[in-house]
Amino acid sequence: MRQAYGILSGAVGIFLNIILFTGKLVAGMLSGSIAITADAFNNLSDAGSSVITLIGFKMSGQKPDPEHPFGHGRIEYISGLFVSVAVLIMAFELVKSSIGKLRSPEPVNSSPLVIAILCVSILVKMYMAYYNKSLSRKLDSAAMSATAADSLSDTVSTAVVLAATLVGRLTGVLIDGWCGILVGLFIFYTGIQALRETMNPLLGQPPKEEFVKNIESLVTAHPMVKGIHDLIVHDYGPGRLMISLHAEVPANGNILQIHDEIDNIEKELQEKLNCSATIHMDPVVTDNVHINHLKAEVSRIIGQISPRLTMHDFRVVKAPAFQSHLRSGHSPDFSMTEVDVVNRVKEQIRGLQGSYSAVIQVDHSYS
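Owing to the predicted nature of the structure, the values given are computational and were not obtained by experimental measurement.

K.L.:
What is the right way to read the nonpolar core from this model?
P.N.:
Ranked by size, the top nonpolar core spans 20 residues in total, and within it Ile-215, Ile-243, Leu-245, Ile-265 and Leu-269 carry the most contacts. Of all the secondary-structure elements, those providing two or more residues to this core are α7 (209–220), β1 (227–235), β2 (241–250), α8 (255–273) and β3 (275–284). The residues contacting Ile-243, other than those within four sequence positions of it, are Phe-211, Ile-215, Leu-231, Ile-232, Val-233, Leu-269, Cys-275, Ser-276, Ala-277 and Thr-278. The next biggest cluster of nonpolar side chains, apart from the first, holds 19 residues, and it includes Val-341, Val-342, Tyr-356 and Ile-360.

This is the structure in structure tokens:
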């Protein structure tokens, strides 16, 4: 379904943008407006972008092969990246040609036909922006979101061109070049926004908070699971998510029963959230009063340092002295350094009643 919608969106974009290019090119030749002519070639580039979108969705739907065992889903992100780059190039060319128009201003012929073509173009682009934005929300597609942003920028640019044409017709003031520059700058801004939106999945962005909460609620709904940590979401393209996490389970439980339960959770994640899951069983002591009390004390110490810090994998190992192994989740925007956090926690653990030496590994959150 995703591939079919993507191909349909690309085909509609090609058809409508070619019609708009033809109409605006005629209007630009009749009026002598550099802004209208530039806007026409902007639509031609949009047709090329729609071709890229169509090809991208077609290729991203290919099945996995030996060279690409996780499929080709990221091609959709790459096609969106190409669309964004095309928008930036067009913005640069529009600003460049508009500056030339400022140096040699010429009167604009604003006939009723020219104005009608521009009005129709605005309505068509508004429809295309709405259509692609609806599909991007339906499919959670960065490529379609970039196409929708491009259509919206075209709507604004054509509206500015229309305003410049009407001002020239009514007052004789030539603002064609200035409007072309404003349109180019606006298109450049939307291109940057679309570029950022398509690059983030390729570079590796954190998963959506709602998706993380759904995973946590689904896994911890099973009574055998006491908590989860080390959740990592691997994105290989829309609909191709793989997750790995550690599930804390009672150390005194039946290992075969726990293993079966973990398998059931993995299947449930696949069925309900459409993601392949690998879960590591992490046994924790849950019925030792002394260890539970010590864990609560260490949690209190960490919470006093910052609510951004969390703790998991708490262990107490008997040695010549007690040794506490713990892992502390560390927010990447936390102001303290890792060394400062570790030293402060160790110092306060040494102050607890008893003889304890803490071994701390600091993790960074990937979700």
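K.L.:
Looking at this structure, how should I read a nonpolar patch on the surface?
P.N.:
A cluster of nonpolar side chains, Val-26, Leu-30 and Leu-113, forms an exposed patch at the surface whose accessible area comes to about 250 Å². Relative to the helices and strands, Leu-30 resides in helix α1 (residues 2–31).

K.L.:
Help me out: how do you make sense of helix α9 (residues 289–305) in this one?
P.N.:
Every α-helical turn comprises 3.6 residues, leaving residues that sit three or four positions apart pointing alike. For α9, which comprises 17 residues, the first-to-last C-alpha distance of 25 Å matches the rise-based estimate of 24 Å (1.5 Å per residue) to within 8%. Inspection of α9 places Ile-291, Leu-294, Val-298, Ile-301, Ile-302 and Ile-305 among the buried residues, and these make up the whole buried set. Looking down the long axis of α9, one finds its buried residues gathered within 95 degrees of arc, a one-sided arrangement. Of the residues in α9, the exposed ones pointing more than 90 degrees away from the buried face are Val-289, His-293 and Gln-304.

K.L.:
Is there a simple way to explain unusual backbone geometry in this structure?
P.N.:
Leave glycine aside and you will find that most residues have negative phi; peptide bonds, for their part, are mostly trans. Despite not being glycine, Asp-230 has its phi angle at roughly 55 degrees, a positive value. Inspection of the secondary structure assignment puts Asp-230 in strand β1. Despite not being glycine, Asn-274 has its phi angle at roughly 55 degrees, a positive value. In this fold, Asn-274 is placed in the loop between α8 and β3.

K.L.:
Even after reading the chapter, I still don't get the environment of Ala-251, so can you show me in this structure?
P.N.:
For Ala-251, the location among the structural elements is in the loop between β2 and α8. On the basis of relative accessible area, Ala-251 is assigned to the partly exposed category, the value being 47%. When the C-alpha atoms of Ala-251 and Pro-238 are compared, they prove to be 37 Å apart, with 13 residues separating the residues in sequence. If we ignore the near neighbours within four places in the chain, the residues touching Ala-251 are Pro-283, Val-284 and Val-285.

K.L.:
Can you walk me through the confidence of the model for the protein chain in this structure?
P.N.:
Note that predicted coordinates carrying low pLDDT should not be read in detail. With 91% of its residues at a pLDDT of 70 or more, the protein chain shows a mean pLDDT of 79. Of all the helices and strands in the protein chain, strand β5 (residues 322–330) carries the lowest mean pLDDT, 47, while α8 carries the highest, 91.

K.L.:
What am I meant to see in the pattern of salt bridges here?
P.N.:
In total, this model carries 3 salt bridges according to the counting rule given. Residue Glu-209 pairs with Lys-213 through a salt bridge whose shortest N-O separation is 3.3 Å. Within this pair, Glu-209 and its partner Lys-213 are both found in helix α7, separated by 4 residues, close to a single helical turn. A residue is classified by how much of its surface remains accessible, and Glu-209, at 56% relative accessible area, is exposed. Note that Lys-272 is salt-bridged to Glu-268, the shortest N-O span being 2.9 Å. One end of the pair, Lys-272, and the other, Glu-268, are both in helix α8, 4 residues apart, so they sit about a helical turn from each other. For Lys-272, a relative accessible area of 59% translates into the label exposed. Relative accessible area serves as the criterion here: at 18%, Glu-268 is assigned to the buried category.

K.L.:
Explain the packing of α1 against helix α4 (residues 112–139) here, please?
P.N.:
A packed helix pair is summarised by two numbers, namely the angle formed by the two axes and the spacing between the axes. Packing of α1 against α4 brings their axes to within 10 Å, and their N-to-C directions diverge by 165 degrees. Judged by the angle between their axes, α1 and α4 are roughly antiparallel. As for the relative orientation of α1 and α4, their crossing is left-handed in sense. Considering only residue class, the contact of α1 with α4 consists of 15 nonpolar, 7 polar and 4 charged.

K.L.:
I would appreciate a short explanation of the sheet that holds β3 in the present structure.
P.N.:
Sheet strands line up and pair through hydrogen bonds in the backbone, either parallel or antiparallel. Here we have 3 strands laid out as an open sheet, ordered β1-β2-β3, and mixed in their pairing. In the strand order of this sheet, the two ends are held by β1 and β3, each with one partner. Strand-to-strand twist across the sheet, computed as the mean angle between neighbouring axes with direction ignored, equals 15 degrees. In this structure, β2 lies alongside β3, joined through 10 bridges in parallel fashion. Bridge assignment links Leu-241 to a residue of β3, and that residue is Cys-275. Running at roughly 135 degrees to β1, α7 makes contact with β1, β2 and β3 of the sheet.

Reading the values: the criteria
Residues numbered from 1 in each chain as written. Predicted model: local features only at pLDDT ≥ 70, side-chain atom pairs only at ≥ 80, totals over all residues. Heavy atoms only, no water. Core = buried A, V, L, I, M, F, W, Y, C linked by side-chain atoms within 4.5 Å. Buried < 20%, exposed > 50% of the residue type's maximum accessible area, 1.4 Å probe, protein only. Helix = DSSP H or I, 4+ residues; strand = E, 2+ residues; numbered from the N terminus. Contact = heavy atoms within 4.5 Å. Patch = residues over 30% accessible without salt bridge, like charges linked within 9 Å, V, L, I, M, F, W, Y side chains within 5 Å. Areas by Shrake-Rupley, 256 points an atom, 1.4 Å probe, with all protein chains shown as cover. Salt bridge = Lys/Arg side-chain N within 4 Å of Asp/Glu carboxyl O. Expected span 1.5 Å × (residues − 1). Arc of directions from axis to C-beta. pLDDT = per-residue confidence, 0-100. Axes fitted to C-alpha atoms, helices over the stretch in contact; angles between N-to-C directions. Parallel < 35°, antiparallel > 145°, perpendicular 65-115°, else oblique. Left-handed = near helix turned anticlockwise from the far one by under 90°. Nonpolar A, V, L, I, M, F, W, Y, C, P; charged D, E, K, R; others polar. Pairing = 2+ DSSP bridges.

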